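Survey of secondary and tertiary structure
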Amino acid sequence: MTASRVLPPVAFGIAVLAAWEVLVVVAGVPAFLLPAPTAIAAQIGAQFDVLVSTAAVTGGNALVGLVAGFVLGVVLALLAAGSRLVSDVLTPVVLAASAVPIVALAPVFTTMFGSTTEIPRRLVVTLVVVVPVFVSTARGLRQVQPVHAELMSSLAATPWQHARFVRLPGAVPFVMTGLRLAAPAAVIAAVVAEYFGGLQNGLGSRISSAAANTAYARAWAFVAASIALGLLFHLAGLLAERLLTRGRTT
Amino acid sequence: MSAVSLHGVDKRFGEVHALDGIELTVDSGEFVSLIGPSGCGKSTLLRVVADLEQPSAGTVAVGGKAPRQARLDQEYGIAFQQAGLLEWRTVTENVELPLHVHGMSKARRRARAAELLELVGLTEFAGSRPSELSGGMQQRVAIARALAPSPRLLLMDEPFGALDEMTRERMQAELLRIARETGAAVLFVTHSIPEAVVLSDRVVVMSPRPGRITDIVGGRRPGGGDPTDDPTDLAPDDIEDVRESGTFFAAITAVREALRKGHG
């Protein structure tokens, strides 16, 4: 990456922060509306250890849910690809699930599993992740080039060999696209799920309690940590996709 | 034993009469081209030989076996218009694919792939990905892959159709050399008259609706003949001489007239 590509967005970000600071100080914006960036930065410094430990909890939930949802999505897509019946039953259900506001289930799960466990949050993340992974994996498994299908027939390959040599490796870019889309969504789901009660050990619960206690700059410090966590997952997803699809044209 | 023999082969797709009363024998080591306008059934005929389509009537033997058995025994190798390489496998792994599918040990298939890549002149690209190769190089990999199980028959469905003219002529010379070195019979579908003539011992001219054989014209060696009687005329160096020879133009004219007759 060259300086000419990095510089403009960084300069823009700094300019926005500076304008924000000036606006807050000059116009005297009250802190509950918008705290100054310097006040938020001061909170980030003061709360740094808490920020890291709460980000680790929320990030852990997001990661567990992401892995579980990824595995589930891929397995379901494989089952759907392997059987017409499974596909006909499963596909509409998963697509309908994509229309459900899944974080709305968080309070229900908290009631179901109790408020002393991470399970409700992880379950919400899992459900959020399953849909995009299932959809893109299923699409990848369906997209076999006719010439590859002919080739495997001419080689008298069994259905399992066809899957192993062509369908599964051919679907990898689609699977990785699903993972890349799901990774930042996992963080969003993990943070938002904490707003609905349960353990008070993650970023989301700290944001809501700080806001409730009129500690606006501190709430913003935790928001900043959530953004950082989301970016981390996004970059990790991007990196995984790049690594596993090197040398491919599609 | 002949590489391919077809007797009274018919193929219908619903109302469409794709092949009608096909009689054709390809001798072992012989190079035979199928030529004709689009829709004459030449690709269908190749696919019947490959057991990718079932004939509606007639008998087909490939290396003396039923087509299905021939396919299971890897009696033939096939190359399509698209190279159809698996882009996530290296060049070597693509060449190995037929051997991998049939359970050959890794060491043996590595050795065989190295041999084949030398044959098609791509040794230095063994570890490359298909996306790093030009169209002509990809097609050479596809030919090497088709040759991997040492088939006695090579089926080719317009393999050079997507290549530019210069690459195409070079590939034709390569193919002739490879066919000579391996001794495999070749059944080659094309709609280029010069390509059919320059490559083939015999050019089979087909006409559409229903697809039938209208004529068989001698290629480089007018009148066909035993392909082993004069191995020197298969030398790749000679192919440029062939392209400029009188018999070449005579054969082109003969094929062109046969095609026109089939249309009329």
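Keep in mind that this is a model prediction, so the values were computed, not measured.

Scanning chain A from N- to C-terminus turns up ten helices and zero strands. Counting across all 250 residues of chain A, residues that qualify as buried make up 40%.

Facing 18 residues of chain A, the contacting portion of chain B comprises 16 residues. For the side of chain A that touches chain B, the secondary structure elements donating two or more residues are α7 (146–154) and α8 (159–193) of chain A. In terms of residues, the side of chain A that touches chain B owes the most to one element, α7 of chain A, which gives six residues. Looking at the side of chain A that touches chain B residue by residue, the class counts come to nine nonpolar, seven polar and two charged.

Here we take up the packing of helix α4 (residues 84–99) of chain A against helix α6 (residues 119–142) of chain A. Helix packing for two helices is described by the angle between their axes and how far apart those axes are. Residues and elements named next belong to chain A. Between α4 and α6, whose axes approach to 9 Å, the crossing angle comes to 125 degrees. Taken together, the axes of α4 and α6 are oblique relative to one another. Crossing geometry of α4 relative to α6 is assigned as left-handed. On α6, the residues touching V94, A97 and S98 of α4 are L127, V131 and F134. Class assignment for the residues of the contact of α4 with α6 results in five nonpolar, one polar and no charged.

All names here are of chain B. Position of D215 among the secondary structure elements: in strand β9 (residues 212–218). A residue is classified by how many C-beta atoms lie within 10 Å of it, and D215, with 16 of them, is partly exposed. Between the alpha carbons of D215 and E75 there is a distance of 28 Å; along the sequence they are 140 residues apart.

Another point: the nonpolar core. In this structure, V49, L153, L155, L187 and V255 of chain B are the most contacted members of the largest nonpolar core, which totals 77 residues. The dominant element in this core, judged by the number of residues it contributes, is helix α5 (residues 135–147) of chain B, at seven residues. Non-local contacts of L187 of chain B, meaning those with residues more than four positions away in its chain, are made with V4, V26, V32, L34, L46, V49, L153 and L155 of chain B. Ranked by size, the runner-up nonpolar core spans 54 residues in total, among them A55, V74, A106 and V135 of chain A.

All names here are of chain A. Interaxial distance between helix α3 (residues 48–82) and helix α9 (residues 203–212) falls to 8 Å at its minimum, and their mutual angle equals 125 degrees. In terms of orientation, α3 lies oblique with respect to α9. Touching T54, A55 and T58 of α3 are L203, G204 and R206, all from α9.

To continue, consider the sheet that holds strand β2 (residues 16–26) of chain B. Residues and elements named next belong to chain B. Spatially, three strands are ordered β2-β1-β4 in an open sheet, and the strand pairing comes out antiparallel. The open sheet has two edge strands, β2 and β4 (57–62), and neither has a second partner. This sheet shows a mean twist of 25 degrees between the axes of neighbouring strands, independent of strand direction. In the sheet, strand β1 (residues 4–13) pairs with β2 via seven bridges, with the strands oriented antiparallel. By the bridge assignment, R12 is partnered in β2 with H17.

It is worth spelling out helix α1 (residues 42–49) of chain B at this point. The element α1 of chain B is extensively covered by neighbouring structure, given that eight of its eight residues are classed as buried. Within two residues after α1 of chain B, D51 of chain B carries a phi angle of roughly 65 degrees, on the positive side.

This part takes up the environment of I213 of chain B. All names here are of chain B. As for its placement among the helices and strands, I213 is situated in strand β9. Taking C-alpha positions, I213 is 7.9 Å from E23, a pair spaced 190 residues apart along the chain. Those residues in contact with I213 that lie beyond four places of it in its chain are I22, L24, V204 and M206.

What follows is about the pairing of strand β7 (residues 185–190) of chain B. All names here are of chain B. Among the six residues of β7, six are classified as buried, and the element is accordingly described as predominantly covered. In terms of strand pairing, strand β3 (residues 31–35) meets β7 through five bridges, oriented parallel. Bridging from a neighbouring strand, S33 pairs with F188 of β7. In this structure, strand β6 (residues 153–157) lies alongside β7, joined through five bridges in parallel fashion. Note on β7: the bridge partner recorded for M156 is F188. With helix α6 (residues 165–182) bridging β6 and the parallel β7, this β-α-β connection has right-handed handedness.

Moving on, we get to unusual backbone geometry. Most peptide bonds take the trans form, and the phi angle of most residues other than glycine is negative. All names here are of chain B. Omega for the peptide link from R209 to P210 comes to -10 degrees, which places this bond in the cis form. Examined against the element boundaries, P210 turns out to sit in the loop between β8 (202–207) and β9. Residues other than glycine seldom take positive phi values, yet D51 does so here, at roughly 65 degrees. Given 21 C-beta atoms within 10 Å, D51 falls into the buried group. Phi is positive for E158, which is not a glycine, with a value near 45 degrees.

Right, let's get into the pairing of β9 of chain B. Residues and elements named next belong to chain B. In this sheet, β9 lies alongside β8 in antiparallel orientation, the contact comprising six bridges. Looking at the pairing, V204 lines up with I216 of β9. Hairpin connection between β8 and β9: a loop of four residues separates the two successive antiparallel strands, and R209 in this loop has a positive phi of roughly 45 degrees.

What follows covers the sheet that holds β6 of chain B. Residue and element names in this part refer to chain B. The strand order across the open sheet formed by six strands is β5-β6-β7-β3-β8-β9, and the pairing between neighbours is mixed. Of all strands in the sheet, those bounded by a partner on one side alone are β5 (76–79) and β9. In this sheet, neighbouring strand axes are inclined to one another by 20 degrees on average, regardless of whether the strands run parallel or antiparallel. On top of the sheet, α1 reaches β3, β6, β7 and β8; it is set at about 150 degrees to β7, its chief contact.

Reading guide: rules and limits
Residues numbered from 1 in each chain as written. Chains lettered and ligands numbered in written order. Predicted model: local features only at pLDDT ≥ 70, side-chain atom pairs only at ≥ 80, totals over all residues. Helix = DSSP H or I, 4+ residues; strand = E, 2+ residues; numbered from the N terminus. Buried ≥ 20, exposed ≤ 12 C-beta atoms within 10 Å, placed from the backbone. Contact = placed C-beta atoms within 7 Å. Nonpolar A, V, L, I, M, F, W, Y, C, P; charged D, E, K, R; others polar. Axes fitted to C-alpha atoms, helices over the stretch in contact; angles between N-to-C directions. Parallel < 35°, antiparallel > 145°, perpendicular 65-115°, else oblique. Left-handed = near helix turned anticlockwise from the far one by under 90°. Core = buried A, V, L, I, M, F, W, Y, C linked by C-beta atoms within 7 Å. Pairing = 2+ DSSP bridges. Right-handed = clockwise from strand over helix to strand, strands pointing away.

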